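Now for the letters of each chain:
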Amino acid sequence: MAGPLAATGRLIAIEGGEGAGKSTQAAGLASALGADVTREPGGTPLGERVRRLLLDPAAGHVDDWTELLLMLAARAQHLAERIEPALQAGRHVVVDRYSGSTLAYQGHGRGLPLDDVRRLCDLATRGRWADLNVLIDVSIEVGAARRGGRHDATPDRFEAETIRFHDRVRQGYLIEAASDPEHWLVVDGTGTTEDVASAILAGVQERLGIDDAASR
Ligand code: Z5A
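My aim in this report is to walk through the structure given alongside it, one point at a time. (Residues numbered from 1 in each chain as written. Predicted model: local features only at pLDDT ≥ 70, side-chain atom pairs only at ≥ 80, totals over all residues. Heavy atoms only, no water.)

**Considering the site of the ligand**
Step number 1: Lining the immediate environment of the ligand, one finds 26 residues, of which Lys22, Ser23, Thr24, Arg51 and Arg97 sit closest.
Step number 2: Between an oxygen atom of the ligand and a main-chain N or O atom of Gly21, the distance comes to 2.9 Å.
Step number 3: Within the side chain of Arg146, one N or O atom sits 3.4 Å away from a nitrogen atom of the ligand.
Step number 4: Burial of the ligand by the protein amounts to 85% of the accessible area it has alone, namely 1100 Å².
Step number 5: Counting only elements with at least two residues in the shell around the ligand, the list comes to helix H1 (22-33), helix H2 (45-55), helix H3 (64-88), helix H4 (99-109) and helix H6 (140-150).
Step number 6: Here the shell around the ligand gets 4 residues from one element, more than from any other, and that element is H4. (Near = heavy atom within 4 Å. Polar contact = N/O pair within 3.5 Å; in protein donor to acceptor, adjacent residues only side chain to side chain. Areas by Shrake-Rupley, 256 points an atom, 1.4 Å probe, with all protein chains shown as cover. Helix = DSSP H or I, 4+ residues; strand = E, 2+ residues; numbered from the N terminus.)

See below:
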């Protein structure tokens, strides 16, 4: 298929397991770069409705392919409505989860064939992959402890998954990062919020050659 439209804005995805600190770091990075910030699944009114369906523990059994296609339906809308217009207007976009999450969760975690997952991500995004995926890597235990410190509500459908599932996701992320180092930056997420933020900003600037908002 034809590649994505040329754009001057860069797309940076913040990836990792639950509780890794993605939302915290996505907001901080976007502020440092003067970029738009958004999240998946979600980011648009329709996407946020799909998100509620996907996370609802009362949804009962959700077939793995259904889960994949709902993630991609939300992404297609997100891309059309928010991401692509911002990139075309020259704004950088920081997204809290993107196609890397689909490879890690629906591919490595659920066990759907990776080639199919990759091809469907490509179709849903018209070939728009992140310019850089920042993987915030923490152990399952650290992620669960951080999440546990924050939530007191019923766990969502993903939070309720087994440790083995979350471990497959973590290993899957590391496999994806190792197999495409040009598009992945792995950051140790166990330091303080400030330490992790500095490592991410330095890595993004070095890899994408973009200035922070303060130096423009
Ligand atoms: N999913 C999927 O399966 N396929 C897909 O294609 C996509 C998504 C796009 C919802 O995502 C689920 O969707 C997700 C995968 C699936 N489920 N899981 N697991 P989500 O991003 O909303 O869910 P999440 O990963 O569970 O997000 P989270 O719990 O909000 O975690 P986070 O964003 O990584 O962390 P945070 O909110 O920034 O921080 C968590 C707490 O830790 C908070 O109290 C912070 O203040 C604290 N924190 C953050 N950083 C630090 C450091 N460095 N030190 C100490 N404490 C910290």
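**Side note on H2**
Step number 1: Taken residue by residue, H2 has Gly47, Val50, Arg51, Leu54 and Leu55 as its buried positions. For H2, the angular spread of buried residues about the axis comes to 125 degrees, placing them on one side. Among the exposed residues of H2, those pointing more than 90 degrees away from its buried face are Pro45, Arg49, Arg52 and Leu53.
Step number 2: Where H2 is buried, its residues touch strand E2 (36-39) and H3. (Buried < 20%, exposed > 50% of the residue type's maximum accessible area, 1.4 Å probe, protein only. Arc of directions from axis to C-beta. Contact = heavy atoms within 4.5 Å.)

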